[in-house]
Amino acid sequence: MDYLKYINPGIKSINTYEPGKSIEEVMEKYNLKNIVKLASNENSLGPSPKALEVINNFKDVHLYPDGDGLKLKSKISEIENINSDQIILGNGSNEILEIISQTFLSPVTESIFSKHAFIVYKLASKVRGSKFHEVDACKWGHDLNGFLKKINDKTRLIFIANPNNPTGTYLSHKDILEFLKKVPKKVLVVIDLAYFEYVTAEDYIETNEILDKFPNVIFTKSFSKIHGLSALRIGYGFGNKTLIEIMNRVRQPFNVNTVAQKAAIESLSDQRYLKNSINQNTKERLYLYKSLEIIGMDYIPSQGNFICIDTKTSAKNIFESLLQKGVIVRPIDLYGMPTHIRVTIGNRTENNIFLEKFKEVLS
Ligand SMILES: Cc1ncc(COP(=O)(O)O)c(C=O)c1O
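Residues numbered from 1 in each chain as written. Predicted model: local features only at pLDDT ≥ 70, side-chain atom pairs only at ≥ 80, totals over all residues. Heavy atoms only, no water.

> Could you clarify how one ought to interpret the packing of aromatic side chains in this entry?
The geometry of an aromatic ring pair is captured by the separation of the ring centres together with the interplanar angle, meaning the angle of the planes. Inspection of every chain in the model, using the stated rule, returns 13 aromatic pairs. Residues Phe147 and Phe179 carry aromatic rings whose centres are separated by 6.2 Å and whose planes lie at 85° to one another, so their mutual orientation is edge-to-face. Of this pair, Phe147 sits in helix H6 (residues 144-150) while Phe179 sits in helix H7 (residues 173-182), and the two are 32 residues apart along the sequence. With relative accessibility at 0%, the residue Phe147 sits in the buried group. (Phe/Tyr/Trp six-rings, centres within 6.5 Å; stacked < 30°, edge-to-face > 60°. Helix = DSSP H or I, 4+ residues; strand = E, 2+ residues; numbered from the N terminus. Buried < 20%, exposed > 50% of the residue type's maximum accessible area, 1.4 Å probe, protein only.)

Written as structure tokens, this is what we have:
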């Protein structure tokens, strides 16, 4: 096994990504019949019925997918009001983040992101041996002035999640514009919009104006969250067409499967389903806030489909106790928040089960 001495140095310090516990795993381990999973920010309404129909009727598994994803890109271009050549499809938006990192990061570069930000930014930087700066948060959100202070000649990428996972905090259009004006044009800013549909803040960002003014910005979006297509693995990035063309050189030829492409088109067209999902989330977010206030629990106000709750004790212990009662949430010590749990906002029944079990665990 001598070859193991030669793995890329950045990989030595990485632990394998630990996803949220699966329903089957918890059922089996604790001998439970019913599980409520509020761990991975999935849509509790499931996918759009229209998307489900194309999934159920799909037969052509023997044929390779359209490697260019032309129909889906055409649909996205309508929605985003951009050209198709400004779009790259990914096997989940994770793959887009990976492709960006592969394109720009190496052992002589640096990246910047917030201390409590989506874990993949750190992983993608580490794998490439790139140095990275985790900037301390400001009221749990991104401290963009802190980001500016870390920029130097070696900076290649800045990652911003808006809203942020796991904290649920967001940045306004004005915040982002002011920041971008101060970022050198040679630095690419990745703005991750995996949860943008859930935002209700009126001063939230407007992507077209940013793209017009800043060719050094790329946005990423996911079909895993509100679209309820997590299992199919599909997401996209959009930005300057020259950048997209370069990233397409790195992308694997058939990275997005046909079922995912077809389901994504249907889902984007199903406005009723998207509206219902947003409405449920907005209503249930407020319901959870109120219920948490009644039991005296601190939480971070969220613009996403999840809420971080400060348990003021070991969140891992709370997580374990909830598991035994059939409720899966996410302890976020890995994100530097050892007393917080992140809870996906479910439907009223799921939220009530969570609240009931949470109270039992706390008492
Ligand atoms: C902020 C953020 N970005 C990106 C992703 C990746 O999503 P996917 O690869 O499923 O599209 C996630 C998933 O949890 C996320 O929270």
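> How should I be thinking about the pairing of strand S8 (residues 235-239) in this particular structure?
Look at any regular strand and the pattern is simple: side chains alternate between the two faces of the sheet. Burial of S8 is extensive: five of the five residues sit out of reach of the surface. Where strand S2 (residues 87-90) lies against S8, four bridges are found, and the strand directions are antiparallel. Across the sheet, residue Ile87 finds its bridge partner in S8, namely Phe238. Of the strand pairs in this sheet, strand S7 (residues 217-222) and S8 are connected by five bridges, and their pairing is antiparallel. Pairing of Ile218 across the sheet is with Gly239, part of S8. (Pairing = 2+ DSSP bridges.)

> How should I be thinking about the nonpolar core in this particular structure?
Note that soluble globular proteins tend to have their nonpolar side chains buried in a common cluster. Leu72, Ile158, Ile160, Phe179, Val189, Ile210 and Phe219 are the most contacted members of the largest nonpolar core, which has 46 residues in total. Per element, the largest residue contribution to this core is six residues, and it comes from helix H10 (residues 258-269). Among residues more than four places away in sequence, those in contact with Ile160 are Tyr121, His142, Leu144, Phe147, Leu171, Ile176, Phe179, Val189, Val190, Ile191 and Asp192. Counting 28 residues, the second-largest nonpolar core is a separate cluster that includes Leu38, Ala39, Leu292 and Phe358. (Core = buried A, V, L, I, M, F, W, Y, C linked by side-chain atoms within 4.5 Å. Contact = heavy atoms within 4.5 Å.)

> It is not clear to me how the sheet that holds S2 should be interpreted in this structure. Could you clarify?
Strand pairing in a sheet is mediated by backbone hydrogen bonds. Such pairs are either parallel or antiparallel. What the seven strands build is an open sheet, ordered S2-S8-S7-S6-S5-S3-S4; its pairing is mixed. Two strands bound the open sheet, and with one partner strand each, they are S2 and strand S4 (131-135). Each strand axis lies, on average, 20° off the axis of its neighbour in the sheet, ignoring direction. Strands S2, strand S6 (188-192), S7 and S8 of the sheet are contacted by helix H9 (residues 241-250), whose axis makes an angle of about 35° with S2. (Axes fitted to C-alpha atoms, helices over the stretch in contact; angles between N-to-C directions.)

> I keep staring at the site of the ligand and nothing clicks. Help me out?
In the vicinity of the ligand, the residues found are Gly92, Ser93, Asn94, Phe118, Asn165, Asp192, Ala194, Tyr195, Ser222, Ser224, Lys225 and Arg233. Asn94 is positioned with one of its backbone polar atoms (N or O) 2.9 Å from an oxygen atom of the ligand. With respect to the ligand, the side chain of Ser224 contributes an N or O atom lying 2.6 Å from an oxygen atom. Look at the ligand: alone it shows 400 Å² of surface, and the protein chains cover 92% of it. Across the shell around the ligand, the residue classes tally to three nonpolar, six polar and three charged. (Near = heavy atom within 4 Å. Polar contact = N/O pair within 3.5 Å; in protein donor to acceptor, adjacent residues only side chain to side chain. Areas by Shrake-Rupley, 256 points an atom, 1.4 Å probe, with all protein chains shown as cover. Nonpolar A, V, L, I, M, F, W, Y, C, P; charged D, E, K, R; others polar.)

> What's the story with the pattern of salt bridges in this structure? I'm lost.
Any two side chains of opposite charge can pair if their charged atoms end up close together. Counted by the stated rule, this structure contains 14 salt bridges. Its salt-bridge partner being Glu98, residue Arg128 comes within 2.9 Å of it at the nearest N-O pair. Here the residue Arg128 occupies a position in the loop between helix H5 (119-127) and S4, and Glu98 occupies one in helix H4 (residues 93-104), the gap between them amounting to 30 residues. Judged by relative accessible area, Glu98 falls into the partly exposed class, the value being 28%. Taking the shortest distance from any N to any O, the salt bridge between Glu360 and Lys325 comes out at 2.9 Å. Taken together, the residues Glu360 in helix H13 (residues 348-362) and Lys325 in the loop between helix H12 (315-324) and strand S11 (327-328) connect sequence positions 35 residues apart. (Salt bridge = Lys/Arg side-chain N within 4 Å of Asp/Glu carboxyl O.)

> Whenever I open this one, the UniProt feature "domain: Aminotransferase class I/classII large" (unreviewed entry) in the protein confuses me. Can you help?
The UniProt record marks residues 34-357 with the feature "domain: Aminotransferase class I/classII large" (unreviewed entry), using the residue numbering of this structure. Taken end to end, residues 34-357 has its terminal C-alpha atoms 13 Å apart, with 40% of it in helix and 19% in strand. (UniProt positions renumbered as here; feature names shortened; annotations may be inferred.)

> Is there a simple way to explain the UniProt feature "modified residue: N6-(pyridoxal phosphate)lysine" (unreviewed entry) in the protein in this structure?
Under the present numbering, the feature "modified residue: N6-(pyridoxal phosphate)lysine" (unreviewed entry) in UniProt falls on Lys225. According to the relative accessible area criterion, Lys225 is buried, its value standing at 15%. The contacts of Lys225, once residues within four sequence positions are left out, are Ser40, Asn41, Asn43, Ala194, Tyr195 and Tyr198. A polar contact of 3.3 Å, which involves the side chain of Lys225, links it to the backbone oxygen of Ser40.

> Explanation requested: the layout of surface pockets in the structure shown.
Where empty space is left in the structure can be found by rolling a water-sized probe over the atoms. The calculated volume of the largest pocket comes to roughly 650 Å³. Put simply, the parts of the chain that give the lining of the largest pocket at least two residues each are H4 and H5. Counting residues per element, the lining of the largest pocket draws most heavily on H4, at four residues. When grouped by side-chain class, the residues that make up the lining of the largest pocket number 13 nonpolar, 10 polar and seven charged. Two domains share the lining of the largest pocket, each providing at least three of its residues, namely domain 1 (2-46 + 272-362) and domain 2 (49-269). One number sums up the size of the second largest pocket: a volume of about 560 Å³. Looking at the second largest pocket, it is lined by 25 residues, and the ones nearest its centre are Thr16, Tyr17, Glu18, Arg330 and Leu334. Residue assignment for the lining of the second largest pocket shows that the elements contributing at least two residues are H5, H12 and strand S12 (330-332). In terms of residues, the lining of the second largest pocket owes the most to one element, H5, which gives four residues. (1 Å grid on protein atoms, 1.4 Å probe; cavity = no way out; pocket = protein on both sides within 12 Å on 5 of 7 lines; lining within 4 Å. Points joined across faces, edges and corners; volume = space filled by probe spheres on them. Domains from an automatic or database assignment.)

> I tried to follow the packing of H4 against H5 on my own but got confused; where do I start?
Helix-helix packing is characterised by the crossing angle of the two axes and by the distance between the axes. Following both chains from N to C, one finds H4 and H5 inclined at 35°, their axes separated by 10 Å at the closest point. Here the hand of the crossing between H4 and H5 comes out right-handed. Along its contact with H4, which presents Asn94, Leu97, Glu98 and Ser101, the element H5 presents Val120, Tyr121 and Ala124. For the contact of H4 with H5, the per-class residue count stands at four nonpolar, two polar and one charged. (Left-handed = near helix turned anticlockwise from the far one by under 90°.)

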